[in-house]
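Per-entry structural report
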Number of protein chains: 2
Amino acid sequence: MNIIIDAMGGDHAPEEIVHGAADAAKAMDIKITLVGDSARVEPLCEKYGFPKDKLEIVHADTVLTMEDDPMAVVRSKKDCSMGVGLRLLKESGDAFVSAGNTGALHAGSTLIIRPFKGIHRPAIATVLPFARPVLMLDSGANTNVTPEYLEQWARLGSIYMKNIHGVKNPRVGLLSNGTEEHKGTEIMVQTHKLLKEAEDINFIGNVEGSMITDAPCDVLVTDGFTGNVTLKVIEGMGKLLFGKLKTMYSASAGSKVAYLLMKDQLRGLKKEFDSTEYGGAPLIGLSKPVIKAHGNSNARAIYNAIKQAATFAKTGSIDKFEEVAAMYRAKKEAAADASK
Amino acid sequence: MNIIIDAMGGDHAPEEIVHGAADAAKAMDIKITLVGDSARVEPLCEKYGFPKDKLEIVHADTVLTMEDDPMAVVRSKKDCSMGVGLRLLKESGDAFVSAGNTGALHAGSTLIIRPFKGIHRPAIATVLPFARPVLMLDSGANTNVTPEYLEQWARLGSIYMKNIHGVKNPRVGLLSNGTEEHKGTEIMVQTHKLLKEAEDINFIGNVEGSMITDAPCDVLVTDGFTGNVTLKVIEGMGKLLFGKLKTMYSASAGSKVAYLLMKDQLRGLKKEFDSTEYGGAPLIGLSKPVIKAHGNSNARAIYNAIKQAATFAKTGSIDKFEEVAAMYRAKKEAAADASK
């Protein structure tokens, strides 16, 4: 098992990336290839005691920033750590983790790793940390969708939740503006029909925005525009409320005492809402596992993302994705034959 | 000023509706027409000391439920309190408030009160209670939109915020999955162009979901599907976090002490997030003011909704909406002439 890591992407790279990777290498039965500026990466590997027998460093000095155009990863900056890393994954790696430019990771993965033939588009999935983890896809990559894209994501997402999160019969929900079948845009109404008819999808119906926090489903299917807005609203609300609590607790001597009495519980609450406990955002539909770790990932978040990548790679999810892809290819051929 | 009130719509009707209306009548220079089952409404008016010189009761005994099809308000149940109330508004009323079936209120208002000629569709707007109030529209009525619908809502929403909330030069934002101009669905990209080009719209650009809580704009424009999901996610997150706080505070003797020390601040925090402090959801684009009060409105929420309705009616917003409508009619005629 060889996990390729982009050592240079993310707000706290390369320090926190190498730190998290070193911890992962110590704790798990994996090899890690760190891709980045070796002049900076090597000393950090020393600092964090990276087990030498589990480490390879591949040099890449072109820097891809958060502001760069996504396509730069396959064009003008193709030798950045992300570009080099994705090509390594394609050749011989088992999984790839990056905390860098999300658009570039999606574009680069789509063009270098490629979705399975038969799968329309890879989605970026986010694990929402509610009562139970909820895999929401697509959370931003695809703003123009068809009902079949969503149907594919429902199947692939279910495989992911079964294999990586151990959910026996993943419930699939469709994000909408009402629970009734007829609610939603035309695309959502058609998608509802497809999901309802699919015998292998455990479809529980439409899910309203206010229901998500109760984790009524294990897989929440939506288009990339709605998914991204939803994800960002959740983040914004969490940040607002925790920010307000912090202000309140600092307000007076009395409230500071209150804080001391509540300290552990508040920390527990914050941790509950920390999605990085589950790792990063998996790209779903590609022929190899790619994880987008949060831009501001610290060592622990990177550790979790690597653990997630390893689990993704070793539980045979990719083989199951290929089975789904094969089913869609067969369906397309049958439709083509029928129309002759 | 005669405000028509649906006395029977809402979870706590007619009691809380009559209570709130009585308080409003005592405090404001308005007359109120309560529409509903007079056998139940009259005794409540006595109970809450409704000033008799400011009161009229119009009987309506057909009951419209939350499960009824929206079109029932103009068909099978047209003599329900909402239907009768909307027809009264059309005839002679100055504004209408209902906490009943939202779909029915939207359908009924559209068919009975009607948008101004030239305005495509009325929107349901929600006042989001952040650092400054943010008027988000459309929050659910229209899932299929064109860029011009959104452009109209931007103009009408700005008038509303100027007149009812006293905002001098309302900033307009477009909800999207990224701040860059090219981000979003095709409709959003086109809408961005329209808003940018409009000289009379103070367009501040795209707003991401995580930015809303900072109130970066006074008017947030979006389609009804995205708006509804956003609104519901905000509600769900608020409920989740306050619920968790409640659980935490009840957990032990120590945390109960902490609660006592923080009681006032927590209550203040909850109130901050209570959108009913601003009233209800105004329908924007109709030729008369209609307010949808929250389904679970208590007396205070109804009081606020009536205050909002009165302000809406008396500040000349409707006249300004008509000016905007006239501009679109002229634009349409000019386009028709040009194509001859």
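Here the structure is shown first, and the text comes after it.
Summarised in this report is the structure supplied together with it. (Residues numbered from 1 in each chain as written. Chains lettered and ligands numbered in written order. Predicted model: local features only at pLDDT ≥ 70, side-chain atom pairs only at ≥ 80, totals over all residues. Heavy atoms only, no water.)

Right, let's get into the overall build of chain A. Each helix and strand in chain A was counted, giving 10 helices and 12 strands. For 340 residues, the compact-globule formula gives about 20 Å, and the C-alpha radius of gyration of chain A, at 21 Å, lands near that figure. Here chain A holds 340 residues, and 56% of them are scored as buried. A separation threshold of at least 6 residues defines the contact pool for chain A, and within that pool the share at least 24 residues apart is 71%. Accessible surface for chain A amounts to roughly 14100 Å². Of this, 51% is attributable to carbon and sulfur atoms. Across chain A, the mean location of the 41 positive side-chain charges is 2 Å away from that of the 41 negative side-chain charges. (Helix = DSSP H or I, 4+ residues; strand = E, 2+ residues; numbered from the N terminus. Rg over C-alpha atoms; globule rule 2.2 N^0.38 Å. Buried < 20%, exposed > 50% of the residue type's maximum accessible area, 1.4 Å probe, protein only. Contact = heavy atoms within 4.5 Å. Areas by Shrake-Rupley, 256 points an atom, 1.4 Å probe, with all protein chains shown as cover. Lys, Arg positive; Asp, Glu negative; His and termini not counted. Charge placed at Lys NZ, Arg CZ, Asp CG, Glu CD.)

Attention shifts here to the nonpolar core. Core analysis: the largest hydrophobic core is formed by 180 residues, its most contacted members being Ile32 of chain A together with Ile32 and Leu34 of chain B. The residues contacting isoleucine 32 of chain A, other than those within four sequence positions of it, are Asn2, Ile3, Ile5, Ala21, Ala24, Ala25, Phe50, Lys54, Leu55, Glu56 and Ile306 of chain A. (Core = buried A, V, L, I, M, F, W, Y, C linked by side-chain atoms within 4.5 Å.)

For the rest of this paragraph, the subject is the relation of the copies chain A and chain B. Note that the two copies of the chain are related through a rotation about an axis and a translation along the same axis. Once chain A is rotated about the relating axis by 180° and shifted along it by 0.0 Å, it coincides with chain B to within an RMSD of 0.0 Å. A rotation of that kind, with that shift, is consistent with a two-fold axis. Among all C-alpha atoms of chain A, that of alanine 258 of chain A lies closest to the rotation axis, at 2.1 Å. Of the interface residues in chain A, 100% have counterparts in chain B that sit at the interface too, so the contact is made through matching surfaces. (Least-squares fit on C-alpha atoms with pLDDT ≥ 70 in both.)

Helical geometry: 3.6 residues make up each α-helical turn, so side chains three or four residues apart lie on a common side. Residues and elements named next belong to chain A. Between its terminal C-alpha atoms helix H10 (residues 317-338) stretches 32 Å, which fits the 32 Å expected from 22 residues at 1.5 Å a residue. Residues of H10 that are buried: Ser317, Ile318, Phe321, Val324, Ala325 and Tyr328. The buried residues of H10 occupy an angular sector of 120° when projected down its axis, which confines them to one face. Opposite the packed face of H10, turned more than 90 degrees from it, sit the exposed residues Asp319, Glu323, Glu333 and Ala338. Contacts made by the buried residues of H10 are with helix H5 (147-165), strand E11 (281-284) and helix H9 (299-314). (Expected span 1.5 Å × (residues − 1). Arc of directions from axis to C-beta.)

Here the focus is the packing of helix H8 (residues 253-272) of chain A against helix H7 (residues 224-249) of chain B. The contact between H8 of chain A and H7 of chain B brings their axes to 11 Å, and the two run at 150°. The orientation of H8 of chain A with respect to H7 of chain B, classified from their angle, is roughly antiparallel. In this structure, H8 of chain A crosses over H7 of chain B, and the sense of that crossing is right-handed. Seen from H8 of chain A, the contacting residues are Met262, Gln265, Leu266, Leu269 and Glu272 of chain A; seen from H7 of chain B, they are Lys244, Leu245, Met248 and Tyr249 of chain B. Among the residues forming the contact of H8 of chain A with H7 of chain B, the class breakdown is six nonpolar, one polar and two charged. (Axes fitted to C-alpha atoms, helices over the stretch in contact; angles between N-to-C directions. Parallel < 35°, antiparallel > 145°, perpendicular 65-115°, else oblique. Left-handed = near helix turned anticlockwise from the far one by under 90°. Nonpolar A, V, L, I, M, F, W, Y, C, P; charged D, E, K, R; others polar.)

The subject of this paragraph is unusual backbone geometry. All names here are of chain A. Residue proline 14 is reached from alanine 13 by a cis peptide bond, and omega for that bond is -5°. Relative to the helices and strands, proline 14 is located in the loop between strand E1 (2-6) and helix H1 (15-27). Positive phi outside glycine occurs at arginine 114, with the angle close to 70°. Relative to the elements of secondary structure, arginine 114 occurs in the loop between helix H4 (102-113) and strand E5 (123-124). Of the residues examined, arginine 114 reaches a relative accessible area of 44% and is grouped as partly exposed.

Residues and elements named next belong to chain A. Strand order in the open sheet made by the seven strands is E3-E2-E1-E4-E12-E11-E5, with mixed pairing throughout. Every other strand in the sheet has two partners, leaving strand E3 (55-59) and E5 as the edge strands with one partner each. Across three bridges, the pairing between strand E4 (residues 95-98) and strand E12 (residues 290-292) is parallel. Its bridge partner lying in E12, serine 98 is registered against lysine 292. Those strands touched by helix H2 (residues 38-47) are strand E2 (31-36) and E3, and its axis lies near 160° from that of E3. Each of E1, E2, E4, E11 and E12 is contacted by H9, which is oriented at about 160° to E4, the strand it contacts most. (Pairing = 2+ DSSP bridges.)

With that settled, the discussion passes to the pattern of salt bridges. By the definition in use, this model includes 28 salt bridges over all chains. Among the ionic pairs, lysine 196 of chain B bridges to glutamate 181 of chain B, the shortest N-O distance being 2.5 Å. Note that lysine 196 of chain B is positioned in helix H6 (residues 186-197) and glutamate 181 of chain B in the loop between strand E8 (171-175) and H6, a separation of 15 residues in sequence. In this structure glutamate 181 of chain B comes out as partly exposed when scored by relative accessible area, which is 43%. Through salt bridges that share partners, Glu148, Glu151, Arg155, Asp200 and Lys331 of chain A make up one connected network. (Salt bridge = Lys/Arg side-chain N within 4 Å of Asp/Glu carboxyl O.)

Here we come to the packing of H5 of chain A against helix H6 (residues 186-197) of chain A. Axis angle and axis distance: for two packed helices, these are the angle between their axes and the distance between the axes, and together they describe the pair. Residues and elements named next belong to chain A. At their nearest, the axes of H5 and H6 sit 9 Å apart, and the two run at 45° to each other. Classed by the angle they form, the pair H5 and H6 counts as oblique. Handedness of the crossing formed by H5 with H6: right-handed. Taken together, the residues of H6 that come into contact with H5 (itself represented by Pro147, Glu148, Leu150, Glu151 and Ala154) are Ile187, Met188, Gln190, Thr191, Leu194 and Leu195. Its residues assigned to classes, the contact of H5 with H6 comprises seven nonpolar, two polar and two charged.

Looking now at the side chain of asparagine 142 of chain B. Residues and elements named next belong to chain B. One can find asparagine 142 in the loop between strand E7 (133-137) and helix H5 (147-165). For asparagine 142, the side chain forms a polar contact with the main-chain oxygen of proline 122, separated by 3.0 Å. Here asparagine 142 is in contact with His106, Arg121, Pro122, Ala123, Trp153, Asp223, Gly224 and Phe225, once residues within four sequence places are set aside. (Polar contact = N/O pair within 3.5 Å; in protein donor to acceptor, adjacent residues only side chain to side chain.)

What follows is about the sheet that holds strand E2 (residues 31-36) of chain B. Residue and element names in this part refer to chain B. One open sheet accounts for seven strands, arranged E3-E2-E1-E4-E12-E11-E5; its pairing is mixed. In the strand order of this sheet, the two ends are held by strand E3 (55-59) and strand E5 (123-124), each with one partner. Across the sheet, helix H9 (residues 299-314) is in contact with strand E1 (2-6), E2, strand E4 (95-98), strand E11 (281-284) and strand E12 (290-292); its angle to E4 comes to roughly 160°.

Put simply, an interface is often sized by how much accessible area is lost when its parts join up. Contact residues are listed per partner, giving 46 residues for chain A and 46 residues for chain B. Summed over both sides, the interface between chain A and chain B buries roughly 4000 Å², with carbon and sulfur atoms accounting for 75% of that surface. Considering only the surface of chain A that becomes buried against chain B, Phe225, Met237 and Met248 of chain A emerge as the three largest contributors, covering 16% of it. Here chain A is connected to chain B by two salt bridges. For glutamate 208 of chain B, the salt bridge is made with lysine 232 of chain A, and the minimal N-O distance between the two is 3.5 Å. Between chain A and chain B we count four residue pairs in polar contact (both at pLDDT 80 or more) in total. By residue number, the principal contributor to the side of chain A that touches chain B is helix H7 (residues 224-249) of chain A, which donates 18 residues. Looking at the side of chain A that touches chain B residue by residue, the class counts come to 23 nonpolar, 18 polar and five charged. (Buried area = accessible area lost by both parts, 1.4 Å probe.)

Keep in mind these numbers describe shape, not what the thing actually does.
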